[in-house]
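An overview of the molecular structure
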Amino acid sequence: MNLRAFLANLEQTGDLRNIQEAVSPTFDVARLIYKYDGNALLFDNLQDFPGWRMAAGITARRDLLARALGCETEELVYKMAEAASNPQPVEIVENAACQEVVLENPDLTRIPIPRYHPEDGGPYITAGVTVIHDPDYGRNISFHRWMRLDSQHLVGRIVEKRGTATALSKSPEGLPIAICLGVPPQVLLAAAMSPPKGVDEMTIAQAMATTPITQCLSVPLEVPAEAELVLEGILTHEQNTEGPFPDLTGTMDGIRQQPTFVVKKVTHRHNPIFHALLPAGLEHKNLMGMPREPTIYAEVNKVVKCTGVRITPGGCSWLHAVVQIEKQGPDDGPKAIEAAFRGHTSLKHVVVVDNDINIYNMADVEWAIATRTQAETDLYIFYNQPSSSLDPSARQVPGEKARTSKIGLDATIPWGQPKAGYKRISY
Ligand SMILES: Cc1cc2nc3c(=O)[nH]c(=O)nc-3n(C[C@H](O)[C@H](O)[C@H](O)COP(=O)(O)O)c2cc1C
């Protein structure tokens with residue numbers, strides 16, 4: 001399902017909030033996404049940008065994302081895991097929708113790139129899926145935020161040692177890239193995944209839902225044919241100042257020298273829909289956290305019977321998880337804790353619960369903690385562990401992996417205890 005079909009579906013079921021008043025991409029849009037966080041929004045009337053619309057929050061709700069992928073909410077983890085282990089070949093098409101309009105001398109100031117917060121370094125593209133071709137590993141798609149410098153240049157946050165940074169380091173003349181906006185939901189989800197090197201995320205997207213691709217016009221890359229907007233050009237070795245900009249944690253990330261993108265050509269659909277993603281909003285959280293659930297699930301399932309995993313929004317959808325198991329032995333709780341940390345190395349706190357606990361209801365999880373744990377036997381502390389660079393409280397030494405302490409809490413019913421005392425009554 002492409003973005004337009006998805007929005008039409010949401011509108012039909014009353015799950016899309018249309019904002020018809022005139023709004024500016026500078027601050028207005030961010031304030032409204034923040035106000036209605038958790039809702040899919042369509043801004044019909046963008047001040048100073050006639051012909052453009054803006055969508056936001058389209059993956060902010062799991063049930064809606066599940067609908068886009070044709071599965072139940074609880075099945076999303078399995079759908080992603082299944083797609084990651086069975087990627088499918090992608091079909092290349094001609095006359096693609098994303099190239100209905102071709103701009104030869106593009107001017108980035110004519111695109112409604114939002115400015116989210118007064119402290120930001122500039123206007124930012126946040127929902128852009130960047131397509132690259134690595135000389136050794138082939139196509140790779142991933143997210144990078146891009147700050148507009150002027151009418152033809154963006155500077156990106158290109159995290160060191162990951163796919164885009166590695167490919168750039170192998171390309172002395174610069175790396176051809178394409179930044180795609182308004183892509184189908186399955187492409188958003190696949191771009192946020194980290195499969196082993198050499199696995200093309202576009203083929204994972206295809207395994208979740210049909211994702212035709214098309215050749216770019218000025219760079220040797222293929223992009224989702226139904227994207228709303230594509231910026232083609234070269235990622236150079238020239239560095240520029242990037243930031244400040246908010247992190248997933250809702251705290252401000254600092255300023256760095258980062259690679260500059262020179263835009264060569266822009267293509268888009270008629271009346272394009274720009275996808276705005278609020279930093280630290282629920283859409284950002286879902287896209288970051290959800291793809292880690294299948295990796296935790298896979299690791300935990302190697303050692304105990306795992307029946308569910310949820311990365312929780314209160315933990316920035318990155319640092320906290322709840323793991324649900326069907327307990328079959330006395331050590332299943334601690335085994336699941338250790339496996340969860342292996343499944344997502346940035347994880348800092350994990351709670352393991354039995355399968356009578358609803359992992360989508362934090363009050364239920366807290367109830368399990370309240371009635372099933374004793375710190376002296378059920379709390380596991382791991383000191384001086386490698387951790388997430390996103391955690392402001394971690395010990396951060398420039399050039400080194402951040403370090404932290406981690407906690408696992410086994411909130412399952414103790415093995416061998418009469419279960420009756422632990423059962424919750426229902427009415
Ligand atoms: C919404 C969102 C925004 C992201 N922003 C960035 C970013 O600005 N820079 C970056 O390097 N990674 C960013 N990431 C993370 C990468 O997309 C992610 O780690 C990806 O899986 C890296 O894959 P790779 O190692 O194959 O390149 C973001 C992820 C999401 C979901």
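Note: the structure precedes this text.
Attention in this report is confined to the structure presented alongside it. (Residues numbered from 1 in each chain as written. Predicted model: local features only at pLDDT ≥ 70, side-chain atom pairs only at ≥ 80, totals over all residues. Heavy atoms only, no water.)

Considering the environment of alanine 127
Convention followed: Strands here mean DSSP runs of E at least two residues long; helices mean DSSP runs of H or I at least four residues long; both are numbered from the N terminus. For the exposure calls, accessible area comes from a 1.4 Å probe over protein chains only, and a residue counts as buried if that area is under 20% of its type's maximum, exposed if over 50%, partly exposed in between. For this analysis, residues touch if any pair of their heavy atoms sits within 4.5 Å.
Residue position: alanine 127 is located in the loop between strand E5 (124-125) and strand E6 (129-134). By relative accessible area, alanine 127 is classed as buried at 0%. Beyond its immediate stretch of four places on either side in the chain, alanine 127 contacts Phe143, Cys180, Leu181, Leu188, His275 and Leu277.

With respect to the site of the ligand
To keep things clear, this is the line we draw: For this purpose, a residue is taken to be near a molecule or strand whenever a single non-hydrogen atom of the residue falls within 4 Å of it. Here a polar contact means two N or O atoms within 3.5 Å. Within protein one must be a hydrogen donor candidate and the other an acceptor candidate, and residues neighboring in sequence count only if both atoms are side-chain atoms. Only the protein chains shown count as cover for residues, and the accessible areas themselves come from Shrake-Rupley with a 1.4 Å probe. Amino acids outside the nonpolar list (Ala, Val, Leu, Ile, Met, Phe, Trp, Tyr, Cys, Pro) and the charged list (Asp, Glu, Lys, Arg) are all regarded as polar, and Gly is one of them.
In the region of the ligand, 18 residues are neighbours, and Phe143, Arg145, Arg157, Val159 and Ser194 sit closest. At 2.9 Å, a side-chain N or O of serine 194 approaches an oxygen atom of the ligand. Considered on its own, the ligand offers 640 Å² of accessible surface; in the complex 88% of this is hidden by protein. Sorting the residues of the shell around the ligand by element identifies strand E7 (138-143) and helix H8 (282-289) as the ones contributing at least two each. Across the shell around the ligand, the residue classes tally to eight nonpolar, six polar and four charged.

Considerations on the nonpolar core
Stated formally: Side-chain atoms within 4.5 Å link the members of a nonpolar core, which is a set of buried Ala, Val, Leu, Ile, Met, Phe, Trp, Tyr and Cys residues.
In this structure, Phe43 and Leu231 are the most contacted members of the largest nonpolar core, which totals 93 residues. Setting aside chain neighbours within four positions, we find leucine 231 in contact with Leu108, Ile111, Ile125, Leu154, Ile177, Ala178, Ile179, Phe261, Val263, Lys265 and Val266. Counting 19 residues, the second-largest nonpolar core is a separate cluster that includes Ala336, Ile337, Ala339 and Leu347.

A look at helix H9 (residues 292-303)
For clarity, the threshold we go by: Multiplying 1.5 Å by the helix residue count minus one yields the expected span of that helix.
In this model, H9 (12 residues) spans 18 Å end to end at C-alpha, consistent with the 16 Å of a helix rising 1.5 Å per residue. For H9, the set of buried residues is Arg292, Glu293, Pro294, Ile296, Tyr297, Glu299 and Val300. The elements touched by buried residues of H9 are helix H3 (62-68), helix H4 (76-85), H8, strand E18 (305-311), strand E19 (320-326) and helix H10 (332-343).

Concerning the pairing of strand E1 (residues 16-19)
What counts, and what does not: Should DSSP find at least two bridges between two strands, the strands are regarded as paired. Clockwise travel from the first strand over the helix to the second, with the strands pointing away from the viewer, marks a crossover as right-handed.
Two strands pair when backbone bridges link them, and E1 and strand E2 (residues 40-43) are joined in this way by four bridges, in the parallel orientation. Looking at E2, one finds that leucine 16 is bridged to alanine 40. With respect to chirality, the unit in which E1 leads through helix H2 (residues 28-35) into the neighbouring parallel E2 is right-handed.

Some details on the packing of aromatic side chains
In plain terms, the rule: Any two rings among Phe, Tyr and Trp, with Trp reduced to its six-membered ring, count as a pair given centres within 6.5 Å; such a pair is stacked if its planes are under 30 degrees apart, edge-to-face if over 60, and tilted if neither. Only when the NZ of Lys or the CZ of Arg is both within 6 Å of the ring centre and within 35 degrees of the ring normal is a charge said to sit over the ring.
All chains considered together, the criterion is met by five aromatic pairs. Ring plane angle 50 degrees and centroid distance 5.7 Å describe the contact between tryptophan 146 and phenylalanine 261, whose orientation is recorded as tilted. Of this pair, tryptophan 146 sits in strand E8 (residues 146-148) while phenylalanine 261 sits in strand E16 (residues 256-268); the two residues are 115 residues apart in sequence, bridging distant segments of the chain. Each member of the pair tryptophan 146 and phenylalanine 261 is classed as buried. An angle of 75 degrees between the planes, with centres 5.5 Å apart, marks the rings of phenylalanine 341 and phenylalanine 382 as edge-to-face. With phenylalanine 341 in helix H10 and phenylalanine 382 in strand E21 (residues 379-386), the pair connects residues that are 41 residues apart, well separated along the chain. Three or more aromatic residues joined by ring pairs form one cluster here, namely Tyr116, Tyr124 and Phe245. Between arginine 17 and the ring centre of tyrosine 36, over which it is positioned, the NZ or CZ distance is 4.0 Å. Over the ring of tryptophan 367 we find arginine 424, and its NZ or CZ is 4.2 Å from the ring centre.

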